[in-house]
Every structure is written in structure tokens, then in C-alpha cells.
Amino acid sequence: MCRPDYFEVTYSINPWMDPTEPVDRSLALLQWETLRATYEEYGHKVDVVPGVPGLPDMVFAANGGLIIGDRAMSAKFTHPERAAEGPAYHRWFAQHGLAGLVDAKEVNEGEGDFLLVGDRMLAGMGFRSSLAAHQEVAQHFSRPVVSLELVDPRFYHLDTVLLPLDDTTIAYFPPAFSPASQAVLTELYPDAIVATDADAEVLGLNGVSDGFNVFLSDKATTLIESLRTRGYNPVGIDMSELLKAGGSVKCCTLEVHE
Ligand code: ARG
């Protein structure tokens, strides 16, 4: 995770960001600290990457890259406003001894668009990461990648509309995907939890699951109920201030996959 010490909304690269609307950085810090403390309370180790002045979106650590076993890749961003985050995360990865580390050559926004479900990598395209990036990831991490097309600009990253729950189950919001990609998801995950509009609109799917505990926005009330019914333990967190930049729980979290 990356502390939002320099968090603000000074530019707009997604429909959530309105630079004329004030952001309360101390509240963002408080919400972020609560998320970090919650992970630790549930037994998850958190490393903190220092933020960089002038990079207000760096708090969205999920976009910094991908870390799976003995391989890692640092991101290459779509927008010039975030470009310097790629090298910043790369340096941190290198300093922390991550092996098999490369820079992405193609536009690749890390776990924003690449989500591991068991051994299968689901990859988003349409707004940020490219199809060529999907191939680059398949090669570097030697695993199958399923490309999915995103069609709604509010849901510009895969992790805004698809939440891996365990090795075989996901929750997702079908209307955010092209008809062809919806068909792929129905075929691969017939038992998926289908989220409502209201859950998607608060970025309720932007969560993190350890296979049982599911950390997500406390505003995603229907999804929280469905998760409970299906035997998961939803843990709701208030992320309202970070939502002003278009991010929630998952965006703030880069997972280290064994
Ligand atoms: N303002 C950031 C952007 O538009 C938010 C990134 C959210 N991160 C995520 N993993 N979905 O790039």
C-alpha cells in the first residue's frame, strides 16, 4: 500500500475525478489507515511504499505492477499524469528484492486490469491496459490470460467491476463488459455473484478477498448481503474520500501472490 500523503484531485483522467470538488486529505489518510489496520487485524502483512510529491494517484498501489511468485512487472501508465509512478514502483520492487523484475513495455496498469483467479489471469482492456500488454503478461508470468473488454468509462479498470473471491469464484457487474466478454464470463464462472447497479456505482466490486474475508466498501450493501449468504465474511470499510479519485479498497492494494 502507498500512504496518501500527497493525495489530491488536480486532474481528471476518469469520470469520478472533478478537480473543482474539494478533497479532504486528512480524511483520506484516516480511511486509508483504517484499511491498513483492518488488513493487519485479519492477519495480513502490509508493506508501505512511500508516496512521491506531485503523484497524487500513487495511493492506488494496485496500479503499480504485478507480483506473482518469483516474477514481477512494473506498470506503464496510459496517462502522462501517472507516468512517473511506473519507475517509482519499479525502484521499490527492486530495492525489496523482487526477483524476475521487468518493466512493462506495453501499456499496463498492474492489478487495475490484471486479476488472478486461481491460476487464470483475467485481463481488462478498452480504456487502459492494451491487448498487447495481455500477451506480454501471459509470456512473462507463463500463464493463460483471458482478455475481457470494458465498455463503460466509469468502470475503466477491470478491478472496478470484477472481484475474485477465491480460486474459482468471482463477483462482477456484467453491463460493464462487451456482450462477447459477458458470454466468456458466464461460461467460465456460472456460479458468480452478479452485482447490482447500486453496488457497482459505489465501486463495491473494488475489493480484496483472502478466500473468506472480503474487504470492500461499506456502501455496497446488497453485495455485502450476497457475500454473507454465500459463506464469505464481508468486511465493510468507508472509502468515500478516495472514491473522489475513482478508487476504493482494491485500488489501494497491490497483492503479493505467492
Ligand atoms: N485516479 C486513478 C486513475 O484514474 C484511480 C486509479 C484506481 N485504481 C484502480 N486500481 N482501479 O488512474
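See the structure shown above.
In what follows, the accompanying structure is described. Computed from a prediction, not measured in an experiment: that's the story for all the values here.

Reading guide: rules and limits
- Residues numbered from 1 in each chain as written.
- Predicted model: local features only at pLDDT ≥ 70, side-chain atom pairs only at ≥ 80, totals over all residues.
- Heavy atoms only, no water.
- Helix = DSSP H or I, 4+ residues; strand = E, 2+ residues; numbered from the N terminus.
- Rg over C-alpha atoms; globule rule 2.2 N^0.38 Å.
- Contact = heavy atoms within 4.5 Å.
- Areas by Shrake-Rupley, 256 points an atom, 1.4 Å probe, with all protein chains shown as cover.
- Lys, Arg positive; Asp, Glu negative; His and termini not counted.
- Charge placed at Lys NZ, Arg CZ, Asp CG, Glu CD.
- Pairing = 2+ DSSP bridges.
- Axes fitted to C-alpha atoms, helices over the stretch in contact; angles between N-to-C directions.
- Buried < 20%, exposed > 50% of the residue type's maximum accessible area, 1.4 Å probe, protein only.
- Near = heavy atom within 4 Å.
- Nonpolar A, V, L, I, M, F, W, Y, C, P; charged D, E, K, R; others polar.
- Right-handed = clockwise from strand over helix to strand, strands pointing away.

A few words on the overall build of the protein. Helices and strands together make up the secondary structure of the protein, namely seven helices and twelve strands. For 258 residues, the compact-globule estimate of 2.2 N^0.38 gives 18 Å, and the C-alpha radius of gyration of the protein, at 17 Å, lies within 12% of that figure. Each principal axis of the C-alpha distribution contributes one length, and for the protein these read about 45 × 40 × 35 Å. Across the protein, contacts joining residues at least 24 apart in sequence account for 67% of those joining residues at least 6 apart. Summed over its atoms, the accessible surface of the protein is roughly 10600 Å², and 53% of this surface lies on carbon and sulfur atoms. Averaged over its 18 positive side-chain charges, the protein has a centre that lies 4 Å from the centre of its 37 negative ones.

With that settled, the discussion passes to the sheet that holds strand E11 (residues 213-217). Pairing within the open sheet is mixed, and its three strands lie in the order E10-E11-E12. Each edge of the open sheet carries a strand with a single partner, namely strand E10 (208-209) and strand E12 (233-237). Here E11 runs beside E12; their pairing, made up of five bridges, is parallel. If you follow Leu216 over to E12, its bridge partner there is Gly236. The sheet strands contacting helix H1 (residues 25-41) are E10, E11 and E12, and the helix crosses E12 at an angle near 155°. In the packing of helix H6 (residues 221-229) onto the sheet, the strands contacted are E11 and E12, and the crossing angle to E11 comes to about 175°.

The next point concerns the side chain of Asn63. When you line up the elements, Asn63 lands in the loop between H1 and strand E1 (65-68). Under the relative-accessibility criterion, Asn63 is labelled buried at 2%. If we skip the residues at most four places from it in the chain, Asn63 touches Ala75, Phe77, Arg82, Glu109, Gly110, Gly112 and His157.

With that out of the way, let us pick up the site of the ligand. What surrounds the ligand is a group of 17 residues, the closest being Asn14, Arg82, His157, Asp159 and Cys251. Relative to its unbound accessible area of 350 Å², the ligand is 100% covered by the protein chains. Looking at the shell around the ligand residue by residue, the class counts come to seven nonpolar, six polar and four charged.

Here we come to the sheet that holds E1. The three strands lie next to each other as E1-E2-E3, forming an open sheet whose pairing is mixed. On the outer flanks of this sheet lie E1 and strand E3 (101-103), each paired with one strand and no other. Ignoring strand direction, the axes of neighbouring strands in this sheet form an average angle of 15°. Relative to E3, strand E2 (residues 71-74) runs parallel, the two sharing three bridges. Along E3, the bridge assignment pairs Ser74 with Asp103. Against the sheet, helix H3 (residues 131-140) makes contact with E1, E2 and E3, and its axis sits at roughly 155° relative to E2, the strand it touches most.

Of the two faces of strand E6 (residues 145-149), only the one carrying Val146 and Leu148 is buried; Val145, Ser147 and Glu149 on the other face are not. In this sheet, E6 lies alongside strand E5 (residues 120-125) in parallel orientation, the contact comprising five bridges. Considered in E6, the bridge of Gly124 is made with Leu148. Handedness of the crossover is the feature at issue here: the chain leaves E5, passes through H3, returns alongside E6, and the resulting connection is right-handed.

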